[in-house]
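# Summary of the model geometry
This is what each chain is made of:
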Amino acid sequence: MAKFGLSQSVRRVEDPRLLVGAGRYTDDIALPGQAYGVVLRSPHAHARIRSIDTTAARAMPGVLLVLTGADLAAAGVGELPCTIPLKNRDGTPRADTPRLPLATDRVRHVGDPVAFIVAETLEQARDAAEAVVVDYEPLPAATDLATAWQAGASQIWPHAPNNICFDWETGDAAATDAAFAEAAHITRLTVVNNRVVVASMEGRACAAQYDAGSGKLTLYCGTQGSWLVRDLLAEHVLKVPPETIRVVTPDVGGGFGMKLYLYAEYALCALAARQLGRPVKWTAERSEAFLSDTHGRDNITLGELALDKEGRFLALRTRNYANMGAYLSTFAPYIPTLAGTKVLASVYRFRAIHARVIGVFTNTVPVDAYRGAGRPESNYLVERLIDTAAREMGIDRIELRRRNMVPPSAMPYTTPVGQRYDSGDFLTVLEAALARADWAGFPARREEAARRGKRRGIGLAYYLEATGGAATERAEVRFTADGFAEVWVGTQSTGQGHETAYAMLTSHELGIPIEKIRVRQGDTDEVPTGGGTGGARSLYSEGAAILATTAAVIEKGKQAASEVLEAAVADIEFEAGRFRVAGTDRGIDILELAARQRARAAAGEAATLLDAAEVAKIPAHTFPNGCHIAEVEVDPETGVIEIVRYVVVDDVGHVLNPLIVRGQVHGGVAQGIGQAVLERAAYDPASGQLLTASFMDYALPRAEDLPAIEVDLIEVPCETNPLGVKGAGEAGAVGSPPAVINALVDALEGRHIDMPATPEAVWKAVRAA
């Protein structure tokens, strides 16, 4: 029997099941009598729909249903919502983007859903989709963030002049201006945070089933939290009570923020299943995912850093243009505003900060949260500004950071944008990273590379992440007839290792062998509420709920043990999975006690069961932080970059399972490196077509593109949750882009370069220098 303590590198218990193909993903679900849905999508970036003729498609073999936007409107179907209210600087509300699951009078990006065809087989549905005749009137498109808000750009929404969705601000503008007025030096830099495709290993899919007798709809889909999808679908689209919808999330192969949302296809399958009275399934092709999954990033930001003559930071001022795409996705306005700006102070002292964010509509796929969700963009700007300021002022870039870091003695520390850091020892983490990467020995390595005709550079980025999410979380422990303890949770694993982490924690608290614990998730009928997974919240939120629930189990167990052992409750002690009468050798193991009480209850006897459920309040979120150091070599003849070494030293608080944490950091760094040097979702400015619409043109990082990633962990426990943990899921993606680009700029002798720094861009920069 395996009883693991915390802080051990336990191998993931879910991996054997997944590696042998025993996982159950949405596309694996085959419901009796299942029909298949196909979405007909717009080939135009911007066009007026003159007419849609579905006559031929409806007459084709096997076709069961063809839906258009007009059908949905006639049936009173509701719109896909954006849940984030936002006020402009002048107090007016942001612009909205009303849209049904299918376009009615106009399409606004390539891939916009126009019709939904359901047939007996997938092939029949595809054939029928080709028979739908849509008469489009093409319109000029605006796909470039840099120009979409300028005079003369094509107007995407009539109620959003100049394609401005919102013009928002935070911070103290007057104090910031005053600090800039007295600055000895001001550094200005404009950076591009390139648009990326999420490209989760498992694409999106859904299957819907409707029971006419009970009026219950069941929707199977890969989400990051079934409850949000259920509630949005019920309230906004179907306009039915939430309890009449059951959402079940099976295994999920990667989410990264993109699988949080209510998508049109989920609503369409639900509507079709209800109308036909039989199950309907839809699965995205990979090419379809490029055109329908939310994209990430896509910001252009001007940053200004004010310093005194000693290099002390006075103030930070930013203006960020953030691409929203053609429609507002579920959380889209939140990402560059409330999420991104709260980490602008990073780990440094500023007297004042002011940030302005302008949300811009374009004829592109909607943009929403992608691993880090606004925080990578802000950290990238700050770390690029600091390196640039150091170069301009002739101050060592490490020394400039040291001078401005918030010391541990200042904790708890409140930033100019209102964030309260409960803990952190940033200088210790920085020094550990410098030592691990042998920063002092770099000049010799640069000389050696030069003798080989290579340009070598080293770069550093210190990041700070602010986690987030729901203010409560729920856990439930049930003891089953087959001798297991089931832990039902309100978060959703998409590959992070939740089953292992939660089983470890439950085992630690209840003394149950880890192989006798099952973690369950994702079913809204089994778990009434849940905050889902996003913002690196899972362990500290669900962990608090598990601690509360296991404590309740122990209290119930003491009462149950007093009944079985015929002793007073006050005399019952619990330790290492066993209840016993104090001062005696009389006792009973927790699983045996749970089984005995179940049997007594089943026989009609009065018996206290050990099952328990609790909802934990999450009073504060966490601030993981760390230092990334990248070392690169550039071939000046070809522009090819090699990342020759990569070091991370992270403070994610108390580390429950170091093996899982390091794996999370590895994945995040890989995604950050991809954005820094490879990935870009590019649109043709004339036609609005997505030019990088498959893996033939969109460059995901491969194994050969990535270095060995060295990860050290320094524990500075969080003070605001009982486990002392800080969210680790997004951290790798936050620190890696600025570390890689700072190293590359160092190799280019200070010449700025934007992401993605492809060989062509690097070669041009070398020639220009």
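What comes next concerns the included structure. (Residues numbered from 1 in each chain as written. Predicted model: local features only at pLDDT ≥ 70, side-chain atom pairs only at ≥ 80, totals over all residues. Heavy atoms only, no water.)

### Notes on the overall build of the protein chain
Tallying secondary structure elements over the protein chain gives 20 helices and 30 strands in all. For a compact globule of 769 residues, the expected C-alpha radius of gyration is about 27 Å, and the protein chain comes in at 28 Å, within 12% of that figure. Among the 769 residues that make up the protein chain, the fraction classed as buried is 59%. Residue pairs in contact within the protein chain that sit at least 24 positions apart in sequence constitute 80% of those at least 6 positions apart. Counting only carbon and sulfur atoms, one obtains 51% of the accessible surface of the protein chain, whose full area is about 28100 Å². The positive charge centre, built from 77 side chains, and the negative charge centre, built from 95, are 2 Å apart in the protein chain. (Helix = DSSP H or I, 4+ residues; strand = E, 2+ residues; numbered from the N terminus. Rg over C-alpha atoms; globule rule 2.2 N^0.38 Å. Buried < 20%, exposed > 50% of the residue type's maximum accessible area, 1.4 Å probe, protein only. Contact = heavy atoms within 4.5 Å. Areas by Shrake-Rupley, 256 points an atom, 1.4 Å probe, with all protein chains shown as cover. Lys, Arg positive; Asp, Glu negative; His and termini not counted. Charge placed at Lys NZ, Arg CZ, Asp CG, Glu CD.)

### Things to note about the sheet that holds strand β4 (residues 106-107)
Sheet architecture is open: three strands sit in the order β4-β2-β6, paired in antiparallel fashion. Across the chains shown, the open sheet's two edge strands, defined by having one partner strand only, are β4 and β6 (133-138). The sheet contact formed by strand β2 (residues 47-53) and β4 spans two bridges and is antiparallel. Each bridged residue has a counterpart across the sheet, and for Arg48 the counterpart in β4 is Arg106. (Pairing = 2+ DSSP bridges.)

### Considering helix α17 (residues 590-602)
The terminal C-alpha atoms of α17 lie 18 Å apart, and with 13 residues this matches the ideal 18 Å at 1.5 Å per residue to within 8%. By the burial criterion, the buried members of α17 are Ile590, Leu593, Ala594 and Gln597. For α17, the buried positions fall inside an angular range of 100° around the axis, keeping them on one side. Phi turns positive, to about 90°, at Gly604, one or two residues after α17. (Expected span 1.5 Å × (residues − 1). Arc of directions from axis to C-beta.)

### Focus: the packing of helix α7 (residues 226-238) against helix α8 (residues 264-276)
Contact geometry of α7 with α8 gives a least axis separation of 11 Å together with a crossing angle of 65°. By the angle between their directions, the pair α7 and α8 is classed as roughly perpendicular. Crossing of α7 over α8 shows right-handed handedness. In this structure, α7 contributes Val229, Leu233, Val237 and Leu238 to the contact, and α8 contributes Tyr266, Ala267, Ala270, Leu271 and Arg274. Among the residues making up the contact of α7 with α8, the classes are represented as eight nonpolar, no polar and one charged. (Axes fitted to C-alpha atoms, helices over the stretch in contact; angles between N-to-C directions. Parallel < 35°, antiparallel > 145°, perpendicular 65-115°, else oblique. Left-handed = near helix turned anticlockwise from the far one by under 90°. Nonpolar A, V, L, I, M, F, W, Y, C, P; charged D, E, K, R; others polar.)

### A few points about the pattern of salt bridges
One pass over the full model with this rule turns up 62 salt bridges. For Glu526, the salt bridge identified is with Arg478, shortest N-O distance 2.8 Å. Of this pair, Glu526 sits in the loop between β23 (517-520) and α16 (538-565) while Arg478 is found in strand β21 (residues 472-479), placing the two residues 48 residues apart along the sequence. Looking at Arg478, the relative accessible area reads 18%, which means it is buried. Put simply, Lys764 and Glu760 hold a salt bridge, and the shortest N to O gap is 3.2 Å. Of this pair, Lys764 and Glu760 both sit in helix α20 (residues 759-768), separated by four residues, roughly a single helical turn. A single salt-bridge network, built from bridges that share partners, covers Asp438, Arg445, Glu448, Arg452, Arg456, Glu631 and Glu633. (Salt bridge = Lys/Arg side-chain N within 4 Å of Asp/Glu carboxyl O.)

### What to know about the side chain of Glu14
By secondary structure assignment, the location of Glu14 is in the segment before α1 (15-19). Excluding its chain neighbours within four sequence positions, the residues that come into contact with Glu14 are Gly497, His498, Glu499 and Thr500.

### Focus: the pairing of strand β10 (residues 205-211)
Here four bridges tie β10 to strand β13 (residues 280-283), and the two strands are oriented antiparallel to one another. Counterpart to Ala208 in the pairing with β13 is Val280. Relative to strand β11 (residues 216-221), β10 runs antiparallel, the two sharing six bridges. Its bridge partner lying in β11, Ala208 is registered against Leu219.

### Structural notes on the nonpolar core
Membership of the largest hydrophobic core comes to 81 residues, with the highest contact counts inside it found for Tyr348, Phe426, Tyr462, Ile629, Tyr646 and Ile753. Apart from the residues lying within four places of it in its own chain, the contact partners of Phe426 are Val347, Met405, Val406, Met411, Tyr421, Tyr462, Leu464 and Asn625. Formed by 59 residues, the second largest nonpolar core is a distinct cluster that contains Leu67, Val237, Ile245 and Ala270. (Core = buried A, V, L, I, M, F, W, Y, C linked by side-chain atoms within 4.5 Å.)

### Description of the packing of aromatic side chains
Taken as a whole and judged by the stated rule, the model has 13 aromatic pairs. Taking 6.2 Å as the distance between ring centres and 55° as the angle between the ring planes, the aromatic pair formed by Tyr261 and Tyr263 counts as tilted. Classification of Tyr261 as buried rests on a relative accessible area of 1%. Relative to Tyr698, the ring of Phe290 lies with its centre 5.9 Å away and its plane at 75°, an arrangement referred to as edge-to-face. Placement of the pair is Phe290 in helix α9 (residues 286-292) and Tyr698 in the loop between α18 (658-677) and β30 (709-713), with a sequence separation of 408 residues. (Phe/Tyr/Trp six-rings, centres within 6.5 Å; stacked < 30°, edge-to-face > 60°.)

### Structural notes on unusual backbone geometry
In this chain, Met411 is followed by Pro412 through a cis amide linkage whose omega measures -5°. Structurally, Pro412 is set in the loop between α12 (397-404) and β18 (413-414). Cis rather than trans, the peptide bond between Met755 and Pro756 has omega equal to -5°. Within the fold, Pro756 resides in the loop between α19 (731-747) and α20. Phi is positive for Arg297, close to 65°, though the residue is something other than glycine. Within the fold, Arg297 resides in the loop between β14 (295-296) and β15 (299-307). Positive phi values are uncommon outside glycine, yet Glu566 reaches one of about 55°. Considering the arrangement of structural elements, one finds Glu566 in the loop between α16 and β24 (572-575).

### Re the sheet that holds β11
Overall, mixed pairing links the seven strands, which are arranged β3-β5-β1-β13-β10-β11-β12 in an open sheet. Either end of the sheet is taken by a strand with one partner, and the two such strands are β3 (63-68) and β12 (245-248). Along the sheet, successive strands turn relative to each other by an average axial angle of 20°, direction set aside. With respect to the sheet, helix α4 (residues 122-131) is in contact with β1 (35-41), β3 and β5 (113-119), its orientation differing from that of β1 by roughly 25°. Sitting on the sheet, α8 is in contact with β1, β3, β5, β10, β11 and β13, with an inclination near 30° to β10.

### Quick notes on helix α15 (residues 498-510)
Taking 1.5 Å per residue as the helical rise, α15 with its 13 residues ought to reach 18 Å, and the 18 Å between its terminal C-alpha atoms agrees with that figure. Turning to α15, its buried residues number three or more, namely His498, Glu499, Thr500, Ala501, Tyr502, Ala503, Met504, Leu505, Thr506, Ser507 and Leu510. Positive phi shows up at Gly511, right after α15, with a value of about 70°.

### Topic: the state of the cysteines
Such a bond, covalent and formed between the sulfur atoms of two cysteines, is termed a disulfide. On inspection of all chains with the given rule, the structure shows zero disulfides. Cysteine Cys165 shares no disulfide, and the gap to the nearest cysteine sulfur, in Cys82, comes to 7.5 Å. Cys165 sits in the buried class, given a relative accessible area of 2%. Cysteine Cys221 shares no disulfide, and the gap to the nearest cysteine sulfur, in Cys206, comes to 6.5 Å. With a relative accessible area of 0%, Cys221 lands in the buried category. (Disulfide = S-S within 2.5 Å.)

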